[in-house]
Amino acid sequence: MFGSFVGAFSPTLAAFGGRAWRIPWRMSKTRKANVRKRLREVDSVIDTLMASGVQCKQLDLIKDMPREGEMLPRDKYTTFSRTAKNHRKSVHKVPHFTKRPIPRTTLKSF
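Residues numbered from 1 in each chain as written. Predicted model: local features only at pLDDT ≥ 70, side-chain atom pairs only at ≥ 80, totals over all residues. Heavy atoms only, no water.

Caption draft 1: Layout of unusual backbone geometry. For histidine 87, which is not a glycine, the phi torsion comes out positive at approximately 60 degrees. Looking at where histidine 87 falls in the secondary structure, it is placed in the loop between β1 (78-80) and β2 (88-90). Of the residues examined, histidine 87 reaches a relative accessible area of 29% and is grouped as partly exposed. Positive phi, close to 55 degrees, is recorded for histidine 96, a residue that is not glycine. Considering the arrangement of structural elements, one finds histidine 96 in the segment after β2. (Helix = DSSP H or I, 4+ residues; strand = E, 2+ residues; numbered from the N terminus. Buried < 20%, exposed > 50% of the residue type's maximum accessible area, 1.4 Å probe, protein only.)

The following block contains the structure:
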């Protein structure tokens with residue numbers, strides 16, 4: 001009775017940690033668009049702060065970072081990962097990626 005589940009509640013292989021069917025292999029167009037939108041919103045907040053005349057050390061550091069239009073797609077949609085094969089991991093596989101900051105710059109060798 002409890003051995004066979006159907007539909008969305010079917011168990012996945014334990015080797016995949018039980019989450020193989022929940023995380024898609026690649027990012028959809030909608031998720032990519034939402035990532036770009038969040039980056040542009042951060043850029044607009046930075047522009048507003050700089051226009052208001054606020055001075056702080058972090059704002060001076062952020063000024064030198066690339067804007068959303070200047071970033072490479074690799075930097076927008078992937079992040080550094082020690083355990084991944086090429087040391088890059090798709091952003092949508094990071095837990096709570098919509099709540100965490102996307103690094104604008106990466107290590108030069110990765």
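Picking up after the structure, the text goes on.
Caption draft 2: Focus on the packing of aromatic side chains. Summed over all chains, the structure comprises zero aromatic pairs. In this structure, lysine 32 is placed above the aromatic ring of tyrosine 77, and the distance from its NZ or CZ to the ring centre is 5.1 Å. (Phe/Tyr/Trp six-rings, centres within 6.5 Å; stacked < 30°, edge-to-face > 60°. Lys NZ or Arg CZ within 6 Å of the ring centre and 35° of its normal.)

Caption draft 3: Broad picture of the nonpolar core. Among the nonpolar cores identified, the biggest contains nine residues, and these are Met27, Val35, Leu39, Met71, Tyr77, Val91, Val94, Phe97 and Ile102. If we skip the residues at most four places from it in the chain, tyrosine 77 touches Met27, Lys32, Val35, Arg36, Lys89, Ser90 and Val91. (Core = buried A, V, L, I, M, F, W, Y, C linked by side-chain atoms within 4.5 Å. Contact = heavy atoms within 4.5 Å.)

Caption draft 4: Molecular detail of the side chain of threonine 79. Checked against the element boundaries, threonine 79 lands in strand β1. When near neighbours in sequence (up to four residues on either side) are disregarded, threonine 79 contacts His87, Arg88, Lys89, Val91, Val94 and Pro103.

Caption draft 5: Focus on a nonpolar patch on the surface. A surface patch of nonpolar side chains, amounting to about 230 Å² of accessible area, comprises Val45, Leu49 and Val54. You can see valine 45 is positioned in helix α1 (residues 29-52). According to the relative accessible area criterion, valine 45 is partly exposed, its value standing at 48%. (Patch = residues over 30% accessible without salt bridge, like charges linked within 9 Å, V, L, I, M, F, W, Y side chains within 5 Å. Areas by Shrake-Rupley, 256 points an atom, 1.4 Å probe, with all protein chains shown as cover. Salt bridge = Lys/Arg side-chain N within 4 Å of Asp/Glu carboxyl O.)

Caption draft 6: Spatial organisation of the pattern of salt bridges. Applying the stated criterion across every chain yields a total of seven salt bridges. Glutamate 68 is paired through a salt bridge with lysine 76; the nearest N and O atoms lie 3.0 Å apart. Put simply, arginine 88 and aspartate 75 hold a salt bridge, and the shortest N to O gap is 3.5 Å. With arginine 88 in strand β2 and aspartate 75 in helix α3 (residues 73-77), the pair connects residues that are 13 residues apart, well separated along the chain. The same class applies to arginine 88 as to aspartate 75, namely buried.

Caption draft 7: Expanded view of the environment of isoleucine 62. By secondary structure assignment, the location of isoleucine 62 is in helix α2 (residues 57-63). By relative accessible area, which is 32% here, isoleucine 62 ends up partly exposed. In this structure, the C-alpha to C-alpha distance between isoleucine 62 and arginine 104, residues 42 residues apart in sequence, is 9.4 Å.

Caption draft 8: Summary view of α1. Taking 1.5 Å per residue as the helical rise, α1 with its 24 residues ought to reach 34 Å, and the 35 Å between its terminal C-alpha atoms agrees with that figure. Of all the positions in α1, only Val35, Leu39, Asp43 and Ile46 are classed as buried. Taken together, the buried residues of α1 touch α2 and α3. (Expected span 1.5 Å × (residues − 1).)

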